Amino acid sequence: MPPVMPNLMVEIAGRPWRVSTRGHDLSIPLDFDAPQPVFFGAQAASEQPLVAGSFTGQVDRGASCNCSMFTLTPHCNGTHTECVGHITRERLSVRDAAGDHLSAAVLVSIAPAAAESTADSCDPAPRSTDRLITRAALEAALAPYEPGQHQGLIVRTLPNDASRQYRNYDTAPSSAYFTTDAMRWIVQYGIRTLVVDLPSVDRSDASRLTAHRIFWGLPAGSTSAAAATRSDATITELAYIDDSIQDGQYLLNLQVAPFVADAAPSRPILLPLLPW
């Protein structure tokens, strides 16, 4: 007999939806023995067998079991979720911030604009070759939806290709990033769980992290968590959203490794919504 699938229902803005349990995994598998994403000069994530006395944790070397040590930089080696502790003196834990394990979310695809084609502000000022996620692009993509219906936003940037799953962002052309106007609009729209396929919502060489600050409500120059007005909001970067996943409304299940750290590897899963 086929397995019995649970019958789940959610209500979004007064409308009931049936939830499909066959979700879309937006995380990049971190294969320690294969090409993997790398960003900001970080070393590739690595794996080594544990050595303890005469024991070496590899079955193919005669051990009773496999037991490895893993070295990685969550911000730079793959899909990760970060909290306001990324930019504060206090060492806050993303495990505590990422409390909304299920959220009504919408996926949109956006083609970044050339810096010279928009009047949006950026801090620092953009270079002529920069590609930007603008307020106008977000407004157009989210026009079919009412503000306040969704707490989660997933942004897929175009063009999209599978190389994002193993791209070296230090040698590839500069990635797009969010203008300050775009991020302020996201906050006004009510988004608290943001998922992007970029290595950073800011320009990679920008030390001010202005878009991060706007999203978490942390004033420029402040490093105090108490000053942040949106400390329960999270940003997930380096996701991969396959072209087969259609834009639209979903239930977002954000799974975050239980690291007591400002960022941790994560697994955002989109659960399709079907008419009830």
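What counts, and where the lines are drawn
Residues numbered from 1 in each chain as written. Predicted model: local features only at pLDDT ≥ 70, side-chain atom pairs only at ≥ 80, totals over all residues. Heavy atoms only, no water. Pairing = 2+ DSSP bridges. Helix = DSSP H or I, 4+ residues; strand = E, 2+ residues; numbered from the N terminus. Buried < 20%, exposed > 50% of the residue type's maximum accessible area, 1.4 Å probe, protein only. Contact = heavy atoms within 4.5 Å. Disulfide = S-S within 2.5 Å. Polar contact = N/O pair within 3.5 Å; in protein donor to acceptor, adjacent residues only side chain to side chain. Core = buried A, V, L, I, M, F, W, Y, C linked by side-chain atoms within 4.5 Å. Salt bridge = Lys/Arg side-chain N within 4 Å of Asp/Glu carboxyl O. Phe/Tyr/Trp six-rings, centres within 6.5 Å; stacked < 30°, edge-to-face > 60°. Lys NZ or Arg CZ within 6 Å of the ring centre and 35° of its normal.

### Some thoughts on the sheet that holds strand β13 (residues 177–178)
Spatially, β10-β11-β13 is the arrangement adopted by the 3 strands of the open sheet, whose pairing is mixed. This sheet does not close on itself; its edge strands, each paired only once, are β10 (113–114) and β13. Taken together, the 2 bridges between β10 and strand β11 (residues 131–133) define a ladder with antiparallel strand orientation. Paired with alanine 114 across the strands is arginine 131, a residue of β11.

### Remarks on the pairing of strand β16 (residues 248–256)
Sheet topology note: the strand β9 (residues 102–110)/β16 ladder contains 6 bridges and is antiparallel. Looking at the pairing, leucine 107 lines up with glycine 248 of β16. Sheet topology note: the β16/strand β17 (residues 263–275) ladder contains 7 bridges and is antiparallel. Within β17, the position partnered with asparagine 253 by the bridge is isoleucine 269.

### Remarks on the environment of proline 74
Residue placement: proline 74 occurs in the loop between β7 (68–71) and β8 (80–82). Owing to a relative accessible area of 18%, proline 74 belongs among the buried residues under this scheme. When sequence neighbours within four positions are dropped, the list of residues in contact with proline 74 reads His80, Ala263, Ala264 and Pro265.

### Description of the state of the cysteines
Considering all chains together, one arrives at 0 disulfides under this definition. Free cysteine cysteine 67: the closest other cysteine sulfur is in cysteine 65, separated by 5.9 Å.

### Some points on the side chain of serine 200
Its place among the elements puts serine 200 in the loop between β14 (193–196) and α4 (210–216). Relative accessible area serves as the criterion here: at 8%, serine 200 is assigned to the buried category. Separated by 3.1 Å, the side chain of serine 200 and the backbone nitrogen of aspartate 202 make a polar contact. With residues up to four places along the chain from it excluded, the contact list for serine 200 reads Phe39, Ala176, Tyr177, His212 and Glu237.

### Describing the nonpolar core
With 31 residues, the main nonpolar core has Leu138, Leu153, Phe178 and Leu194 as its most contacted residues. Among the elements of the structure, β9, β12 (152–157), α3 (180–189), β14 and α4 are those that each provide at least two residues to this core. If one sorts the elements of this core by residue count, α3 sits on top with 5 residues. In terms of nonpolar packing, the next biggest core, distinct from the first, is built from 11 residues, Leu107, Ile154, Val195 and Ile245 among them.

### Digging into the pattern of salt bridges
The tally for this structure, following the rule as stated, stands at 12 salt bridges. Arginine 127 is the partner of aspartate 205 in a salt bridge, and the nearest nitrogen-oxygen pair spans 3.3 Å. Here the residue aspartate 205 occupies a position in the loop between β14 and α4, and arginine 127 occupies one in the loop between β10 and β11, the gap between them amounting to 78 residues. Look at arginine 127 and you get partly exposed, because its relative accessible area is 32%. Beyond isolated ion pairs, a larger network of salt bridges with shared partners links Arg127, Asp130, Arg203 and Asp205.

### Some remarks on the pairing of strand β1 (residues 8–12)
Pairing of β1 with strand β2 (residues 15–19) involves 5 bridges; the strand directions are antiparallel. Among the inter-strand pairings, isoleucine 12 is bridged to a residue of β2, identified as arginine 15. Joining the antiparallel neighbours β1 and β2 is a turn of 2 residues, in which alanine 13 adopts a positive phi near 55 degrees.

### Topic: the packing of aromatic side chains
Within this structure, the stated rule accounts for 4 aromatic pairs. Ring centres of phenylalanine 39 and tyrosine 169 lie 6.5 Å apart, and the angle between their planes is 90 degrees; on these two criteria the pair is classed as edge-to-face. You can see phenylalanine 39 sitting in the loop between β3 (24–25) and β4 (46–49) and its partner tyrosine 169 sitting in the loop between β12 and β13, a full 130 residues away along the chain. Relative to tyrosine 189, the ring of tryptophan 185 has its centre 4.9 Å away and its plane inclined at 35 degrees; by these criteria the two rings are tilted. Placement of both tryptophan 185 and tyrosine 189 in helix α3 is noted, with a separation of 4 residues, approximately one turn of the helix. Taking relative accessible area as the criterion, tryptophan 185 reaches 11% and is therefore assigned buried. Residue classification places tyrosine 189 among the buried residues on the basis of a relative accessible area of 5%. Counting every residue linked through ring pairs, the aromatic cluster contains Phe39, Phe40 and Tyr169. One cation-aromatic arrangement involves arginine 230 over phenylalanine 215; the distance from NZ or CZ to the ring centre is 4.7 Å.

### Things to note about α3
Restricting attention to buried positions, one finds in α3 the residues Thr180, Ala182, Met183, Trp185, Ile186 and Tyr189. On its buried face, α3 sits against β11, α2 (135–141), β12, β13, β14 and α4. Glycine 190, located one to two residues past α3, shows a positive phi value of around 100 degrees.

Nothing here speaks to function; it is all geometry.
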